[in-house]
Amino acid sequence: MPTLLPTASLKLALYLAAMGWHIVPLSPTSKRPLANCPRCHSTARPGSTHPIETCPCLPTGRWCHGVHAATTDPARLSTWWQRQPDAVPGVAAGPSGLVLLDLDAHDDPLPADPATGLLPGIDLTGDPALAELARIRTGLHTLTLLARVRGGPHPWPTTPEHQPVVTTTPSGGRHLWYRAPSANLRQALGKLGWQIDIKAGWNYGLAPGTTTSTGTYRLRSGDLASPGRLPEWLAHEVLRVTAPTPTQPRPSPTLRRERCYGAPAAYLTTVLTRGAAHLATLTDGRQRALSALAYHVGGLLAWSGLPEHQVSAHLITAGESSGLPTRLATRIVHRALLRGVRAPLPPPPMPVT
Ligand SMILES: [Zn+2]
Ligand SMILES: [Zn+2]
């Protein structure tokens, strides 16, 4: 029998915060963080962001900087909900020490090439699942497939140690909240498979128990005070798809001088993840911001050595997570990335390591 959660938003926020879930107020209609004040809005462009530590707004009870403002402080939560009683609580994954597997149940067509498109980075050629594609309709099915391929008996074991907090979403999907692996997932965002998004770091999900204009995120199982750890095989998969790696060594003489090999890849990964975090705080101008990010990243792609498909997938996920429809995000990314690739940027000055 799942725990009965408070239905009023502030009570729910306080209840979860008391158990260590870092709460951020979201709009009940857009399900995105509430807008920054004009001052923080104007400084929130990439490159000109003022550090959240020195933002004057948070101590005065504002909610600027979206998910970066997330807190467990009951006084701050109370102030927020006094100001915006219809806000709904979201959970900042990284600050809460959690990782969210977001299993969708959209009525999307299967990938054009299911053998390579269902589970990114895993070739399913010859797998019996390909003979029964009609059985794969949601992210839950994709996760079950991944579990079989990678040796997990079931996507979420029922032993308390590995049992996630599970909610069902108004659109028929599921959220699995796990304790994050100890590896650095501070900025992670990725696709584990078709209709499965990973949200960690400065990314967020609707809090268990939240009611938005589309319905309630119902708690089904799991211990809110102590969500289970990812089973080892699943932690490995999450880390695999959220950590971009360079494809091959690059023979450029300037790069050979780098003391730290892989620094360009790490640099571009930082640009990507900061850009994604910035997108997540925007309510207006998301298309323009995604396009600008993809163009910039495209300009550095060859230098970074990161594989284009991986970078492109990260950008699309960032766009989707900011609330843009998949098709639109995909179109913007493909177009702007290509323009960027055709106009390579000079390598940026690297920090001394
Ligand atoms: Zn502000
Ligand atoms: Zn600010």
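Fair warning: this is a prediction, and the values are worked out from it, not measured in the lab.

## Some points on the overall build of the protein
Right, on to step 1. For the protein, the helix and strand inventory stands at 11 helices and 11 strands.
Right, on to step 2. Within the protein, the fraction of its 353 residues that count as buried is 51%.
Right, on to step 3. Relative to all contacts within the protein whose residues are 6 or more apart in sequence, the contacts with residues 24 or more apart total 73%.
Right, on to step 4. As displayed, the protein offers around 16800 Å² of accessible surface, 56% of which is attributable to carbon and sulfur atoms.

## Quick notes on the side chain of T138
Right, on to step 1. The topology assignment puts T138 in the loop between α4 (114-117) and α5 (139-150).
Right, on to step 2. Among residues more than four places away in sequence, those in contact with T138 are D104, A105, W194 and Q195.

## Quick notes on the pattern of salt bridges
Right, on to step 1. Scanning all chains against the criterion turns up 8 salt bridges.
Right, on to step 2. Between D127 and R148 there is a salt bridge, with the nearest N and O atoms lying 2.6 Å from each other. Separated by 21 residues along the polypeptide, D127 in the loop between α4 and α5 and R148 in helix α5 bring together distant segments of the chain.
Right, on to step 3. The exposure class of R148 is partly exposed, given its relative accessible area of 45%.
Right, on to step 4. Across the salt bridge formed by E237 and R240, the nearest N and O atoms sit 2.7 Å from each other. Note that E237 and R240 are positioned in helix α6 (residues 232-242) at a spacing of 3 residues, about one turn of the helix.
Right, on to step 5. Classification of R240 by relative accessible area gives partly exposed; the value is 26%.
Right, on to step 6. Ionic contacts of the salt-bridge type, sharing partners, join the residues R150, E237 and R240 into one network.

## Focus on the sheet that holds strand β2 (residues 88-92)
Right, on to step 1. The 3 strands are arranged β1-β2-β8 in an open sheet whose pairing can be described as antiparallel. The outermost strands of the open sheet, each flanked by one partner alone, are β1 (23-26) and β8 (204-206). Averaged over all pairs of adjacent strands, the angle between their axes in this sheet comes to 40°, without regard to strand direction.
Right, on to step 2. As paired elements, β1 and β2 share 4 bridges and run antiparallel to each other.

## Points about unusual backbone geometry
Right, on to step 1. Even without being a glycine, K31 presents a positive backbone phi close to 60°.
Right, on to step 2. By the secondary structure assignment, K31 is in the loop between β1 and α2 (38-43).
Right, on to step 3. On the accessibility criterion, K31 (28% relative accessible area) is partly exposed.
Right, on to step 4. The residue Q195 is not glycine, and still its phi comes out positive at about 65°.

## Quick notes on the confidence of the model for the protein
Right, on to step 1. In the predicted model, the protein carries a mean pLDDT of 84, and 88% of its residues have values of at least 70.
Right, on to step 2. Confidence over residues 245-261 falls short of pLDDT 50; this stretch has 25 contacts with residues more than four positions distant or in other chains.

## Comments concerning the sheet that holds strand β6 (residues 189-193)
Two orientations exist for strands paired in a sheet by backbone hydrogen bonds: parallel and antiparallel.
Right, on to step 1. The strand order β6-β7-β3-β5-β4-β11 describes an open sheet built from 6 strands, whose pairing is antiparallel. Of all the strands in the sheet, the pair left with one neighbour each is β6 and β11 (218-221). Neighbour-to-neighbour, the strand axes of this sheet turn through a mean angle of 25°, independent of strand direction.
Right, on to step 2. Looking at chain direction, strand β3 (residues 98-103) and strand β7 (residues 196-199) are connected through 4 bridges and run antiparallel. Residue pairing across strands places D102 opposite D197, the latter belonging to β7.
Right, on to step 3. Contacts between α6 and the sheet are confined to β3, β5 (174-179), β6 and β7, with β6 contributing the most and set at about 125° to the helix.

## Let's talk about the pairing of β6
Right, on to step 1. Counting buried positions along β6 gives 4 out of 5 residues, so the element sits mostly inside the fold.
Right, on to step 2. As paired strands, β6 and β7 are joined by 4 bridges and run antiparallel to one another. Looking across to β7, one finds that K191 is bridged to D197.
Right, on to step 3. Linking β6 to β7, which pair antiparallel, is a turn of 2 residues; within it Q195 sits at a positive phi near 65°.

The rules behind the values
Residues numbered from 1 in each chain as written. Chains lettered and ligands numbered in written order. Predicted model: local features only at pLDDT ≥ 70, side-chain atom pairs only at ≥ 80, totals over all residues. Heavy atoms only, no water. Helix = DSSP H or I, 4+ residues; strand = E, 2+ residues; numbered from the N terminus. Buried < 20%, exposed > 50% of the residue type's maximum accessible area, 1.4 Å probe, protein only. Contact = heavy atoms within 4.5 Å. Areas by Shrake-Rupley, 256 points an atom, 1.4 Å probe, with all protein chains shown as cover. Salt bridge = Lys/Arg side-chain N within 4 Å of Asp/Glu carboxyl O. Pairing = 2+ DSSP bridges. Axes fitted to C-alpha atoms, helices over the stretch in contact; angles between N-to-C directions. pLDDT = per-residue confidence, 0-100.

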